[in-house]
Structure formats: C-alpha cells, structure tokens
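The lines below spell out each chain.
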Amino acid sequence: MEIEALKDLIAGQESDMFAFLEELVNTESGIDQISGVNQVGAIISQWCENIGMTTRTIPHDQAGDLLIAEYKTAENKDKKPIVLSGHMDTVFNADVTKNHHFRLLADKPGFAKGAGLMDMKGGLVIAMYVVKNLIEMGYQKHPLSLILIPDEETLHRYSDTRQEMIGELQDAALMLNFEPTPTFDEIVVGRQGGMMLNVTVEGIQGHSGMEVEIGRSAVVELAQKVVALESLTDISRKKLINCGIINGGVSANTIPGSAKGNFSLRFPNQTIKEEIIADIERVIAEPYIADTVTKFEIESGVDAMVYTDKVDQLADHYSATAYKMGYGPLAKVESQGASDASLASLVDIPVVDGLGIVGTGAHTLEEEADLTSLVPRVALSIQAILDL
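Residues numbered from 1 in each chain as written. Predicted model: local features only at pLDDT ≥ 70, side-chain atom pairs only at ≥ 80, totals over all residues. Heavy atoms only, no water.

Caption draft 1: Main features of the nonpolar core. By size, the foremost hydrophobic cluster in this structure holds 85 residues, and its most contacted members are L21, I44, M53, L84, L146, L176 and Y318. What L21 contacts, discounting residues up to four positions off in sequence, is F102, L117, K121, G122, V125, I357, L371 and L374. I272, I276, V283 and I284 belong to the second largest nonpolar core, which has 21 residues in total. (Core = buried A, V, L, I, M, F, W, Y, C linked by side-chain atoms within 4.5 Å. Buried < 20%, exposed > 50% of the residue type's maximum accessible area, 1.4 Å probe, protein only. Contact = heavy atoms within 4.5 Å.)

Shown next as structure tokens:
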C-alpha cells in the first residue's frame, strides 16, 4: 500500500479510535481497582476476538489478569512474533472519572483530558489499531501478539507478571511498547530501572535521661546508614540512592527503639543494579551502634531498558520510516521513567518505547493528550512493521 493511501485509511478510522478511547478512559482501572482492570481487559479481549485474534489470560489473585491476544497463520506460525505492549492500569483512585472523565477541550481543538488518557490508554488504542489494520491488510511475515499488562503502575508488587512477561518475550522477534511521549518527534531507546527499598532498625528503647546507658538509638543507627548509602550515589554513572522518608521514635525524651527508612534506587543497567544491591548488603551488615539490628527489604522494582546496538538499529528503522512518511526524523531519548519495555532487555531482543499518544501531565489530574497524534502514530508503526 502506498504511504498516502495508508494515511488516508487510518484517518478514516479516527472517529472510531476516539470513541474507543473514551470508553477505555471512562472505565476506571486504578491501582486498587482489580475488577476495573479486568473490565478494561474484557473490553479489549472482545475487541481483539472480533478482529480475528485469539485471547488468553493469566489470572492473579491480588492484581488484574495479564491479557495476551495473538494472531498467527499457517504461513507464519513457526516464526517469532512481534510483540506490541502496554498497561491497562492507572495511578488514580476510585470515582476519579466523576470529575476527570474523557472530555474534549473546547478551547484547544484536537486535545482531550481524562484520567489515564495519556498514561496509557491512548497507547493501548494505537497498538490495537496497528494490529487490526495489519490483519486486515493480510500481513503474514510474523505472528502478532498484544500483551496487555494489569499492574505496571505498582511494579507488579502483588503478581508474577514480570516473570510471566519474560516467558512470553523469550521467543519474540522484537517488542514495541506504547508509552506516551511529550512530542511526536522522539522515540525512547533507554529507561532507568528502579527499586523501592525499606530499611528497618531495631534498637533498645529507653528514657533519654535515666536510661542513656541502656538505650540504643535506632534513629541514629538509621541516620548513619542513610548517609553511608547515599554517599555511594554516582550521578555520572546514573547510580542513584535516595532516602525519601524516615520514621522513628515515640517522643523527644525517649531513645528510639525502632526506625524505618524508605529508599528509591535508580540504575541504567543490570551491572549497576547488582552493585547497588551489594552496597546495601554491606552497609546493612555493619552496625554503627552495638546491639542494634538492621534489616532491609526490596519491596518492588523494574529493570532497566538498556540502550543496546539492537535497540539502536530498531530505532534507526523507525526514524527512517518516519522520515519517509513525511513525519521527520525521530530523536532518540533515554527516559528517566520506568516501563515494562525493560523486560525485553532481560531476554536480549530489540525494543523501542514511546510509540503511544502524545501528551503531558502523566500521573496528574491534568493529564492531557493530543488526539491528532493517534492517526500518524498508528500509521507509523504499521509502515515500520511492513518494512522490517
């Protein structure tokens, strides 16, 4: 199909995309809304089955279900699939759509607001329409797989989604992830990984005047460890250790018997991730105050999306396709935010991210998206897949 004919074809589907996006945004799927996430999954599953895909779910007790939709033919069933992915959950609380439902902006034609519109239900619609059109064009080169993730915003804290996705990606040709970007002319080639760390200290509580020889301050012990850990931050290597919250003690005149610190850890690759973990183990094991006991727990985390030669080649392909289509070249961006595109790095397959809707205000009630980016983003990924 000629490029202009492809653009016209997708433009003719714009109103359908708007309507579908409105339905998804107005179906709440916040952090604690497991049934809402599964309702979004049910809507998408039915839509996928209607276009000829087969669907399956991997259930979770404390999170929404992982949804996988697949399309393969006799000609390509033995080939590696192209995976298109995105997450169905949002960061918002229940009833958010009472005031923050999908709505067009009268003072800004072509733009809309709504909780979860940008991050990332707009990207889900783009990925789905890419697959829909490829199927209708008779695409045969690779099987196509949609992986719809139920709990990205909580970093899979209460499910086995991470391992399940790794299993799905091991035999894939490549992964395309549809997180949003602030402008059309960029493509994400790397993302930092992150972990949430809890450090707890047990000391000996005592009166700060009468029991100073007995008491062992958990707060002082924790403070020493915070300083020791944060001193290992190396910004030039993108190795970041930050203690954002400290709690401890019961009163000003009591030697605190317990304390807790919450840390955020960031890293650009697995090597530095392992270095940070080794740092934590060493610092935690060395008491500054006798008779105190310190423990740590890595509560949740996401791996880094590593900028490799394979990623670079796929990004170059996308950029060349965008230029050929009249959209201009795409700038390669390494994002500070995390996403499940990182899992492709663990199985060493090519991946690019930021293929979703263009917008601003992610994770805020001012989330806003440029609806005019839907058509070119769908057309771009279709053409990029056709040209592989």
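Caption draft 2: The arrangement of the packing of helix 3 (residues 34-50) against helix 5 (residues 117-136) in detail. Relative to each other, helix 3 and helix 5 sit at 15°, their axes nearing to 12 Å. The angle between helix 3 and helix 5 places the two elements in the roughly parallel class. Crossing of helix 3 over helix 5 shows right-handed handedness. Across from V40, I44 and W47 in helix 3, the residues of helix 5 making contact are K121, L124, M128, Y129 and K132. Taken together, the residues of the contact of helix 3 with helix 5 sort by class into six nonpolar, no polar and two charged. (Axes fitted to C-alpha atoms, helices over the stretch in contact; angles between N-to-C directions. Helix = DSSP H or I, 4+ residues; strand = E, 2+ residues; numbered from the N terminus. Parallel < 35°, antiparallel > 145°, perpendicular 65-115°, else oblique. Left-handed = near helix turned anticlockwise from the far one by under 90°. Nonpolar A, V, L, I, M, F, W, Y, C, P; charged D, E, K, R; others polar.)

Caption draft 3: Summary view of the sheet that holds strand 16 (residues 351-352). Reading across the sheet, the six strands line up as 1-2-6-3-7-16 and stay open at both edges, with mixed pairing between neighbours. Edge strands, defined here as strands with exactly one partner in the open sheet, are strand 1 (54-58) and strand 16. Both strand 1 and strand 2 (residues 66-71) contribute to a ladder of five bridges, which runs antiparallel. Following the sheet pairing, T55 is matched in strand 2 by A69. (Pairing = 2+ DSSP bridges.)

Caption draft 4: Structural detail: helix 3. In this model helix 3 runs 24 Å from its N-terminal to its C-terminal C-alpha over 17 residues, within 8% of the 24 Å that 1.5 Å per residue would give. Along helix 3, the residues classified as buried are G36, V37, V40, G41, I43, I44, S45, W47 and C48. Backbone geometry just after helix 3 places G52 at a positive phi near 100°. (Expected span 1.5 Å × (residues − 1).)

Caption draft 5: Spatial organisation of the packing of helix 5 against helix 11 (residues 374-386). Relative orientation of the contacting elements helix 5 and helix 11 amounts to 45°, with a least axis distance of 9 Å. By the angle class used here, helix 5 and helix 11 are oblique. Helix 11 is crossed by helix 5, and the crossing has right-handed handedness. Across from G122, I126, Y129, V130, N133 and L134 in helix 5, the residues of helix 11 making contact are L374, R377, V378, S381, I382, I385 and L386.

Caption draft 6: Here's a closer look at the sheet that holds strand 9 (residues 193-202). Spatial ordering of the open sheet is given by 11-13-9-14, a layout of four strands whose pairing is antiparallel. Edge positions in the sheet fall to strand 11 (240-248) and strand 14 (293-302), since each has one partner strand and no second. Put simply, the sheet's adjacent strands are angled 20° from each other on average, direction ignored. For strand 11 and strand 13 (residues 258-267), the ladder comprises eight bridges, and the chain directions are antiparallel. Bridging from a neighbouring strand, G248 pairs with A259 of strand 13. With respect to the sheet, helix 7 (residues 218-230) is in contact with strand 9, strand 11, strand 13 and strand 14, its orientation differing from that of strand 13 by roughly 10°.

Caption draft 7: Inspection of the side chain of E179 at higher detail. Here E179 shows up in the loop between strand 7 (174-177) and strand 8 (186-191). For the buried residue E179, which engages in no salt bridge, the nearest side chain bearing the opposite charge is R191, 5.2 Å off. At 3.4 Å, the side chain of E179 forms a polar contact with the side chain of H87. Among residues more than four places away in sequence, those in contact with E179 are H87, D119, M120, E152, R191, S339, D353, G354, L355 and G356. (Lys, Arg positive; Asp, Glu negative; His and termini not counted. Salt bridge = Lys/Arg side-chain N within 4 Å of Asp/Glu carboxyl O. Polar contact = N/O pair within 3.5 Å; in protein donor to acceptor, adjacent residues only side chain to side chain.)

Caption draft 8: Expanded view of the pattern of salt bridges. All told, the structure shown has 23 salt bridges when counted by the stated rule. Between R162 and D303 there is a salt bridge whose closest N-O contact spans 2.6 Å. One end of the pair, R162, is in helix 6 (residues 161-169); the other, D303, is in the loop between strand 14 and helix 9 (309-324), and 141 residues separate them in sequence. On the accessibility criterion, D303 (2% relative accessible area) is buried. Salt bridges sharing common partners tie together D234, R237, K239, E275, D279 and R282.

Caption draft 9: Local environment of the environment of P180. Tracing the backbone shows P180 in the loop between strand 7 and strand 8. Overall, P180 belongs to the buried group, its relative accessible area being 14%. In this structure the C-alpha to C-alpha distance between P180 and D151, which are 29 residues apart in sequence, comes to 17 Å. Once residues within four sequence positions are removed from consideration, P180 is found in contact with M118, D119, M120, G354, G356 and I357.

From the geometry alone we can't say anything about function, so treat these as descriptive.
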